[in-house]
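Each chain is listed here by its residues.
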Amino acid sequence: MTSSGSGSGSAVPRLVVAAPSSGSGKTTVATGLMAALCARGLAVSPHKVGPDYIDPGYHALATGRAGRNLDAYLCGPELVGPLFLHGARGCDIAVVEGVMGLYDGAAGEGELASTAQVAKLLRAPVVLVVDASSQSRSVAALVHGFVSWDPEVRIGGVILNKVASDRHEALLREAVDSVGVPVLGVLRRAARVDVPSRHLGLVPVAERHAQAVDAVAAMAAQVADGCDLEALVALARGAGAWGCTAWDAGEALVSSPPPPLPVPSPGAAPPGPRVAVAGGAAFTFSYAEHTELLAAAGAEVVTFDPLRDEELPPGTAGLVIGGGFPEVYASELSANEGLRKSVAGLALAGAPVAAECAGLLYLCRDLDGLPMCGVLDASARMSERLTLGYRDAVAVSDSALAGAGTRMRGHEFHRTVVEPGAGAAPAWGMRAPERRVEGFVERGVHASYLHTHWAAEPGVARRFVERCRTS
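Residues numbered from 1 in each chain as written. Predicted model: local features only at pLDDT ≥ 70, side-chain atom pairs only at ≥ 80, totals over all residues. Heavy atoms only, no water.

The name an unreviewed UniProt entry assigns to the protein chain is Hydrogenobyrinate a,c-diamide synthase, from the organism Streptomyces ardesiacus. According to the UniProt record, the Sequence similarities (unreviewed entry) comment for the protein chain is "Belongs to the CobB/CbiA family." Under the Cofactor (unreviewed entry) heading, UniProt states for the protein chain: "Mg(2+)". (UniProt positions renumbered as here; feature names shortened; annotations may be inferred.)

Set out below in structure tokens:
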């Protein structure tokens, strides 16, 4: 199997790895397939349906390319195809891992943000991963139901996971054959491919890199041994072309209101403002398009690690602190007093700061009793309650990130509580599923639990960079 060089334009070969429910083995199969195809010389574009940040980290490890999210709720159905093609530039094949069950989407919104909707938008065939550990002939009824539920969703094959024995496999194959859907793989139970989990899902790659490398290698070996890779590639190549144009950060900024500021001639252009973006093991939640939009808006983007760096990068004019697990690293973050003071000094001087979820916790006075940056007069702590779901929000206060009235869709995902939950000038007013205000706008700071995808509203990146130029 060699590189076909066919990964340009909307004809890029592609398939979607889905399942009847969560826990069926989508991540193992999708990540293993990505790595196995890469090992055979193909350039693989990795994608994940939904807002999840963790699985794309494993996809990136498997492929050497940024894992890209395809979320029809956060970005709108119209951007799913363009963002897919943006990530797939120069690739021979694309593998899209689904979310939850194939037909599960945003609560109360029908098919919106479901794997099925994304597969239809991409005109991509679906490979259904079935946990067969507790069934035999009944698998035929299950597969038949998923195949017939929506005629617009093309299920091109099944991979049977957690199969116990040769006899079990024979029974399952006979059952699936009666439905007329090909079995493209059979995987035995294998503990070596398991990835540890905790309160918000899988442990991110950045926290266990060596073990993650071993896990991805094991996934690749399992998929290569148990699946018909040639048949999977043939299925992907049969997806064909469709009328769609790849997303581009620069073009998105030009086309988003308000009109961009006049650009000076190259000889007179001042250097772009330096925007520091938090990374490292404590801050792993970010969408690749955010830094691409910042760079397209003229920023010099640099990364720093709040666990290791004792001060912000020299010349930092603005700061972006995304999501992650500061609660896991609270002691180390608190012990890095030099960086906490550097962040506080920048924020108190009025520089633009955009903080989401973990970034919000880091800016608080304390987290689980340990001192944080003290930028916000609020206290954060772990909670037993999981807050999870899509949100329809509107900006309440003018900020460095968004003007009042800017409407965005977002996602909350945390087991922490911040008290108070909003400042005198809240960041967002939630329109659905419940009405409330949330977050903080103080000086140049915009801090909130809400995760957003800036590709849906590119103007926020331009506004942020312009504030960095002038603050």
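Read on, since the account is not over.
So, on to the packing of helix α1 (residues 26–39) against helix α2 (residues 54–63). It is at 8 Å that the axes of α1 and α2 come closest, and there the two elements cross at 20 degrees. Judged by the angle between their axes, α1 and α2 are roughly parallel. Viewed along their axes, α1 and α2 form a crossing whose handedness is right-handed. The segment α1 lies against α2, with Thr27, Thr31, Met34, Ala35 and Cys38 engaging Asp55, Tyr58, His59, Ala62 and Thr63. By residue class, the composition of the contact of α1 with α2 is five nonpolar, four polar and one charged. (Axes fitted to C-alpha atoms, helices over the stretch in contact; angles between N-to-C directions. Helix = DSSP H or I, 4+ residues; strand = E, 2+ residues; numbered from the N terminus. Parallel < 35°, antiparallel > 145°, perpendicular 65-115°, else oblique. Left-handed = near helix turned anticlockwise from the far one by under 90°. Contact = heavy atoms within 4.5 Å. Nonpolar A, V, L, I, M, F, W, Y, C, P; charged D, E, K, R; others polar.)

On to the pattern of salt bridges. Under the counting rule described, the total for this entry stands at 23 salt bridges. Of the charged contacts, one joins Arg391 and Glu412 as a salt bridge, the two residues approaching to 2.8 Å between their closest N and O atoms. Of the two residues, Arg391 sits in strand β16 (residues 379–395) while Glu412 sits in strand β17 (residues 407–419), which places them 21 residues apart along the sequence. Among the residues examined, Glu412 registers a relative accessible area of 2% and is labelled buried. (Salt bridge = Lys/Arg side-chain N within 4 Å of Asp/Glu carboxyl O. Buried < 20%, exposed > 50% of the residue type's maximum accessible area, 1.4 Å probe, protein only.)

Across the sheet, six strands lie side by side as β11-β10-β12-β13-β21-β20; this open sheet has mixed pairing. In this open sheet, the two strands that pair with only one neighbour each are β11 (300–304) and β20 (440–442). Taking each pair of neighbouring strands and ignoring which way they run, the sheet shows an average axis angle of 15 degrees. Bridging between strand β10 (residues 274–278) and strand β12 (residues 316–321) involves four bridges; their strand directions are parallel. Each residue of the ladder has a partner; that of Val277, found in β12, is Val320. Running over the sheet, helix α12 (residues 337–348) touches β11, β12, β13 (353–356) and β21 (445–448) and is turned about 110 degrees from β12. (Pairing = 2+ DSSP bridges.)

Counted by the stated rule, this structure contains two cavities of 30 Å³ or more. Considered as a void within the structure, the second largest cavity measures approximately 40 Å³ in volume. Listed by contribution, the elements that provide at least two residues to the lining of the second largest cavity are β13 and β21. Counting residues per element, the lining of the second largest cavity draws most heavily on β13, at three residues. (1 Å grid on protein atoms, 1.4 Å probe; cavity = no way out; pocket = protein on both sides within 12 Å on 5 of 7 lines; lining within 4 Å. Points joined across faces, edges and corners; volume = space filled by probe spheres on them.)

Quick look at the side chain of Arg340 now. With respect to the helices and strands, the residue Arg340 is situated in helix α12. Among buried charged residues, Arg340 stands out as having no salt bridge; its nearest opposite-charge side chain is Glu337, 4.8 Å away. Contact partners of Arg340, with chain neighbours within four places excluded, come to Leu333, Ser334, Tyr362, Pro371, Met372 and Cys373. (Lys, Arg positive; Asp, Glu negative; His and termini not counted.)

Enumeration according to the criterion identifies eight aromatic pairs in this entry. Each ring, one from Tyr53 and one from Tyr287, has its centre 4.5 Å from the other, and the planes form 25 degrees; the classification is stacked. Taken as a pair, Tyr53 in the loop between β2 (44–49) and α2 and Tyr287 in the loop between β10 and α10 (288–296) lie far apart in primary sequence, 234 residues in all. Pair check on accessibility: Tyr53 and Tyr287 agree, each one buried. Here the aromatic rings of Phe283 and Tyr362 are separated by 5.6 Å at their centres, their planes lie at 65 degrees, and the arrangement is edge-to-face. Of this pair, Phe283 sits in the loop between β10 and α10 while Tyr362 sits in helix α13 (residues 358–363), and the two are 79 residues apart along the sequence. Its relative accessible area of 4% is what places Phe283 among the buried residues. In this structure Tyr362 comes out as buried when scored by relative accessible area, which is 0%. Here a set of aromatic residues connected by ring pairs shows up, and it is made of Tyr53, Phe285, Tyr287 and Phe325. Stacked on the ring of Tyr73, the Lys or Arg Arg409 has its end atom at 4.1 Å from the ring centre. (Phe/Tyr/Trp six-rings, centres within 6.5 Å; stacked < 30°, edge-to-face > 60°. Lys NZ or Arg CZ within 6 Å of the ring centre and 35° of its normal.)

The strand order β3-β2-β4-β1-β5-β6-β7 describes an open sheet built from seven strands, whose pairing is parallel. Since the sheet does not close on itself, it has two edges, and those belong to β3 (68–70) and β7 (183–188), each with one partner. Neighbour to neighbour, the strand axes of the sheet diverge by 25 degrees on average, direction disregarded. Looking at chain direction, β2 and β3 are connected through three bridges and run parallel. Counted as the bridge partner of Lys48 is Asn69 from β3. Its contacts with the sheet put α1 on β1 (14–18), β2, β4 (93–97), β5 (126–131), β6 (155–163) and β7, and the angle it makes with β4 is roughly 165 degrees. Across the sheet, α2 touches β2, β3 and β4, and the angle it forms with β2 is around 170 degrees.

For the rest of this paragraph, the subject is the environment of Ala88. One can find Ala88 in the loop between α3 (80–87) and β4. Taking the relative accessible area as the measure of exposure, Ala88 reaches 1% and is therefore buried. Each C-alpha atom, one on Ala88 and one on Pro46, is 8.0 Å from the other, the two residues being 42 residues apart in sequence.

Below, the discussion takes up the UniProt feature "active site" (unreviewed entry) in the protein chain. In this structure's numbering, the residues bearing the UniProt feature "active site" (unreviewed entry) are Cys357. Looking at the secondary structure, you find Cys357 in the loop between β13 and α13. Overall, Cys357 belongs to the buried group, its relative accessible area being 6%. Not counting residues within four places of it along the chain, the set of residues in contact with Cys357 comprises Phe413, His414, Ser448, Tyr449 and His451.

Averaged over all residues, the pLDDT of the protein chain is 92; the fraction at 70 or higher stands at 91%. Every residue in residues 3–8 is under pLDDT 50, and counting partners more than four places away or in other chains gives 19 contacts. (pLDDT = per-residue confidence, 0-100.)

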